[in-house]
Amino acid sequence: MRPLLLGLSLLFAGISAANAQTRDTILPAVVYGQPKEYEIGGIRVSGTQYADANALIAISGFRVGDKIRIPGSAFAKAVQSLWSLKLFTDVQIIQERTQGTLVFLEIAVKELPRYTRHSFVGVKKSKHDDLNGIISKFLQKGAIMTDNVRASLIYGMKEYFTEKGYLDAKVTVNSFPDERATNAVRLEFVIDRGKKIQIKEIQFTGNEHVKSKVLRKKMKNTRLKRHLFKKSKLIRKEYEEDKVKLEAYYNTIGFRDARVVKDSIWRNKKGEVMIHLDIKEGNRYYFRNIVWKGNTLYETKFLDQVLGINKGDVFNQELLDTRLSFSQDGRDISSLYLDNGYLFFRVDPVETAIDNDSIDLELRIFEGPQATIDRVVIKGNDRTHEHVIRRELFTRPGDKFSRSDIIRSQREIVNLGYFNQEKLGINTPVNPDRGTVDIEYTVEEKPSDQLELSAGYQPATAFSNGGVIGTLGVTFNNFSVRNIKHKETWNPLPQGDGQRLSIRGQTAGDRYQSYNASFTEPWLGGKKPNSLTVAGFYNRFTSGFSGSETFQSLEIVQGTVGFGTRLKFPDDNFIFRADLDLQTLKLNNASGFNFSDGRGGRLSDGIFHNYNLGLTLARNSINDPIFPKTGSLISIKMNATPPYSLFKKASFYENGTSSDIFRYVEYVKWRVDAEWYTSLVGKLVLKAQAKIGILGRWSDKTPLTPFERFDLGGDGLNNQSTGLQGRDIISLRGYEQNDIMAAYPYGAGVFNKYTVELRYPVSLNPSSTIFMTAFAQGGNAWQRAQDFNPFDVRRSAGLGLRVFLPMFGTLGFDYGFGFDKPNVTSRKWSDYARFNIVLGFEPD
């Protein structure tokens, strides 16, 4: 028999709610007026599955060897301590046996069931991941489902749906025994999100100087349901932020005392949200006298010009702070000093007088000493060698501190394409005693190599064998020649020195073959930004069946050596590049490839040599090569062959055959390309672009070269045959190639193209940059430069999507509508629209 030792001591402690139960045993008579003292001889714990037995013994307060009285208050305290853990449905302390003055105890518990799994009812599977995240915040597998946890889960899920506009969402949590486990519970979350509740009206009172519709626009996150493309929902946190934005807007127009003094939110009979805000505008203030104090480096008149605030201007605290501290366009007082080494510079605006509606300011300047750069530290480059990053920096030890140099260095690091732009960190720890500053750049490597792998099938025709077209290409953008011997740097090839190696092959059997390879060293010699590029390619294209009279072939072999350098004048954003191209074209019965013979016919046979020198002058200030937000890229390029005609008589061109005349190709070719990027509102970016190309001659003796002409139209990808002919393929969204080039079957001598594009990023994650575009384009082509008219363009507009994957390059599509298609009289949308695919690169 094992008597239960709880008795009246447990009742006295008030813990009868603990549901402590006795076992079906015969209890001995206990004389409560005569307690007996025992020594604890042993303690054991029973009924545990998850709880630690030693921990429960420690919490009970019992120790082997302790003296206790039976009956006594120690048992009541032990039960209270264990019950307070909220882990059990039953707690008992049992006297197992006595042996003389020794007593042996058993702590018998029954644990609460543990959570093992859950399910959802009433929500789509697409929401499960988000809801699972909420559950994981409050409840882990094997944990006990308490009332507090239950309430937290319900609150978290309601908040989740509230942020999506479902203000009446209901969440119920049901518990069921889990048959898969012992003493386990399965949870079922029953969710009724209800209807999405939108904001019906936002009313204002007290706004005498600003219209209500203007104030509604300033509430970016709290919108009316009348907006077609904007969500209307009430989220308390964002609503409070919008009230602060209203006050900030009033401050920009002179009402520095404006406040939202009262607001109310209610639901109308339809359940829609109604909002009312009462605004106290106060008086409008103006700048009056602005006085500078402490300026020794710059004269007051010059500081006034940079500040750009005049007496009588409406008081604008935001404008004042921007012009003093940091302005996107660099027009601020701080930039003057920080770009000249005055890192410890400080300017404090002090209001010296407020007279009715006028405010006097005293701008107190502390110039401090100039700071020099002590150390430049680079962290996080686990693949790229440090010298590759360091050579791009404009901040060097011993130089004066300059904020603009740091910004430029940041841009150059991003333009390398090896690092995550969002994780690029810059820290400037200062040593005031020495007057120095360290600059720490923290980078995070990202994949920069690219793989091109594709296959397609082209059916056979009467003139060509069908077959599979396969493409395999790899580009290693951070290659290293010197690490070839170091196997530990191979991933999969040696990397870390910023060199570029590209190899690409494409074949469709005998019909088409293309192989090219290139290598670029961006810092030849390692001391100056002088680049060297060596490249070569072989292209072969055939039409018809080999051995037949209709068989045609074209082969092109080319080698290129290029040298580039960064200039210091007019500024260090300028780049000069020179390329020497040695190209040979071999035509065999190739009349189907549309080469002009200069006499109204087609050039079909012969070997032709295109030896030309290309000179390029460009200025690049784009801040990000993948998704530019600011900056521009302007380039002027000239390709020219030797002027052979200057050394030959006119009779040679009058009497010679086309094969002889064009054996050594002669031309002068100009390309002007310009693009600008500007951030508009939020993440929205405007891109403007213009391209012009002109193909000319050294003298009037020669006809226009049959090669190096321009093809305008299409997506720049499908014009495979013309791409082999050494022509420039210019895409024009919304048009087929033949829509424009049908008038110039041999290619055009002049083209122009204009683009205006709005870009909005969906994701700026370095592993997958995604953005949408809305574009308007115009372009045209002409045979001769004399016919060029920059305002005579074929117009188009449409939408597109771009996805940049580091491994595959740019992927995407455009859906364009061509407004000026020739010979189209129908009103069908499909006759004017065209779908373009973008693979691997952005078309010209």
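Please read these numbers as outputs of a predicted model, since none were measured by experiment. (Residues numbered from 1 in each chain as written. Predicted model: local features only at pLDDT ≥ 70, side-chain atom pairs only at ≥ 80, totals over all residues. Heavy atoms only, no water.)

1. Brief notes about the overall build of the chain
Worth spelling out the cut-off: Strands here are runs of E lasting at least two residues and helices are runs of H or I lasting at least four, both read from the DSSP assignment and numbered beginning at the N terminus. Radius of gyration here uses only the C-alpha atoms, and the compact-globule reference equals 2.2 Å multiplied by the residue count raised to the power 0.38. When checking whether two residues touch, look at their non-hydrogen atoms; a contact exists if any pair is within 4.5 Å. Where accessible areas are quoted, they stem from the Shrake-Rupley method and a 1.4 Å probe; at the residue level, only the protein chains shown are allowed to cover. Only four residue types enter the tally: Lys and Arg on the positive side, Asp and Glu on the negative side, with His and both chain ends excluded. Every charge is mapped to an atom, namely NZ of Lys, CZ of Arg, CG of Asp or CD of Glu.
Across its full length, the chain holds 17 helices and 35 strands. Computed over the C-alpha atoms, the radius of gyration of the chain is 40 Å, more than 25% above the 28 Å expected from 2.2 N^0.38 for a compact globule of 844 residues. Considering only C-alpha atoms, the chain reaches an extent of 140 × 85 × 65 Å along its principal axes. In the chain, 61% of the contacts between residues at least 6 apart in sequence involve partners at least 24 apart. For the chain, the accessible area works out to roughly 43,700 Å², and carbon and sulfur atoms hold 54% of it. Taking the average place of the 114 positive charges on the side chains of the chain and the average place of its 94 negative ones, the gap between the two points comes to 4 Å.

2. Points about the packing of aromatic side chains
Rule in force here: Any pair of Phe, Tyr and Trp rings, taking the six-membered ring for Trp, is counted once the centres come within 6.5 Å. Such a pair is stacked with planes under 30 degrees apart, edge-to-face with planes over 60 apart, and tilted for the rest. Only when the NZ of Lys or the CZ of Arg is both within 6 Å of the ring centre and within 35 degrees of the ring normal is a charge said to sit over the ring.
Applying the stated criterion to the full structure yields 23 aromatic pairs. Where Phe652 meets Tyr653, the ring centres are 5.1 Å apart and the plane angle is 85°; that geometry is what we call edge-to-face. Through a chain of ring-to-ring contacts, the aromatic side chains of Tyr298, Phe302, Tyr337, Tyr342 and Phe345 assemble into a single cluster. The ring centre of Phe104 lies 3.9 Å from the NZ or CZ of Arg97, which sits over that ring. The ring of Trp490 is capped by Lys487, whose NZ or CZ atom sits 4.6 Å from the centre of that ring.

3. Notes on the side chain of Asn612
For clarity, the cut-off: Throughout this description, a polar contact denotes any pair of N or O atoms lying within 3.5 Å of each other; where both atoms belong to protein, one of them has to be capable of donating a hydrogen while the other can accept it, and for residues adjacent in sequence the pair is counted only when both atoms sit in side chains.
Mapped onto the secondary structure, Asn612 falls in strand E25 (residues 606-620). A polar side-chain atom of Asn612 sits 3.1 Å from a polar atom in the side chain of Asn639. With residues up to four places along the chain from it excluded, the contact list for Asn612 reads Asp579, Leu580, Asp581, Asn639, Ala640, Thr641 and Tyr667.

4. Section: a positive patch on the surface
Worth spelling out the cut-off: Patches in this entry comprise residues that are over 30% relatively accessible and not in a salt bridge; like charges within 9 Å are linked, as are nonpolar side chains (Val, Leu, Ile, Met, Phe, Trp, Tyr) within 5 Å. What counts as a salt bridge is simple: a side-chain nitrogen of Lys or Arg found within 4 Å of a carboxyl oxygen of Asp or Glu.
Judged by side-chain charge, Lys211, Lys213, Lys217 and Lys220 come together as a positively charged surface patch. Here Lys211 is to be found in the loop between strand E8 (199-205) and helix H6 (212-218).

5. Observations concerning the pattern of salt bridges
Counted according to the given criterion, the structure contains 45 salt bridges. Between Lys821 and Asp739 there is a salt bridge whose closest N-O contact spans 3.8 Å. With Lys821 in the loop between strand E34 (809-818) and helix H17 (829-832) and Asp739 in helix H16 (residues 737-741), the pair connects residues that are 82 residues apart, well separated along the chain. The partner of Asp820 in a salt bridge is Arg795, and the shortest N-O contact between them spans 2.9 Å. With Asp820 in the loop between E34 and H17 and Arg795 in strand E33 (residues 794-805), this pair connects stretches of sequence that are 25 residues apart.

6. Here we look at the sheet that holds strand E9 (residues 259-267)
Heads up, the condition is: Any two strands with at least two DSSP-identified bridges between them are counted as paired. Only the stretch in contact is used when fitting a helix axis, every axis being a line fitted to C-alpha atoms; angles between N-to-C directions are given from 0 to 180 degrees.
Pairing is mixed in the open sheet, where 3 strands are placed in the order E8-E10-E9. The sheet terminates laterally at E8 and E9, the two strands that pair on one side only. Taken pair by pair, the neighbouring strands of this sheet meet at an average axis angle of 15°, ignoring direction. Contacts from helix H7 (residues 236-252) reach E8, E9 and strand E10 (273-280), with the element oriented near 145° to E9.

7. Details of the sheet that holds strand E6 (residues 170-177)
One open sheet accounts for 3 strands, arranged E5-E7-E6; its pairing is mixed. Two strands bound the open sheet, and with one partner strand each, they are strand E5 (114-121) and E6. With direction set aside, neighbouring strand axes in the sheet form an average angle of 25°. The strands touched by helix H4 (residues 128-138) within the sheet are E5 and strand E7 (184-192), with E5 carrying the most contacts at an inclination of about 150°. This element, helix H5 (residues 147-162), spans E5, E6 and E7 of the sheet and lies at about 140° to E6.

8. A few points about the environment of Pro766
Assignment of secondary structure puts Pro766 in the loop between strand E31 (750-765) and strand E32 (768-782). As a C-alpha pair, Pro766 and Asn420 span 346 residues in sequence and 5.9 Å in three-dimensional space. Other than its neighbours up to four places away in sequence, Pro766 contacts Asn420, Lys446 and Pro806.

9. Here's the deal with the side chain of Ser334
The residue Ser334 is located in helix H10 (residues 333-338) in this model. Apart from residues no more than four positions distant in its own chain, Ser334 is found in contact with Leu324, Ser325, Phe345 and Arg403.

10. Digging into H7
Since one α-helical turn is 3.6 residues long, residues separated by three or four positions face the same way. Our working rule: A helix is expected to span 1.5 Å multiplied by its residue count minus one. Relative accessible area decides the class of each residue, using a 1.4 Å probe on protein chains only: under 20% of the type maximum gives buried, over 50% gives exposed, and in between gives partly exposed. Here the arc refers to the set of directions running from the helix axis out to each C-beta atom.
Taking 1.5 Å of rise per residue, the 17 residues of H7 would be expected to cover 24 Å, and the 25 Å separating its terminal C-alpha atoms lies within 8% of that figure. Here H7 has its buried residues at Tyr239, Asp242, Lys243, Leu246, Tyr249 and Tyr250. Down the axis of H7, the sector holding all buried residues measures 120°, keeping them to one side. The outward face of H7, more than 90 degrees from its buried face, is lined by the exposed residues Lys237 and Val244. Looking at the buried side of H7, the elements it contacts are E8, H6, E9 and E10. Where H7 ends, the next residue or the one after it, Gly254, has phi of about 100°, a positive value.

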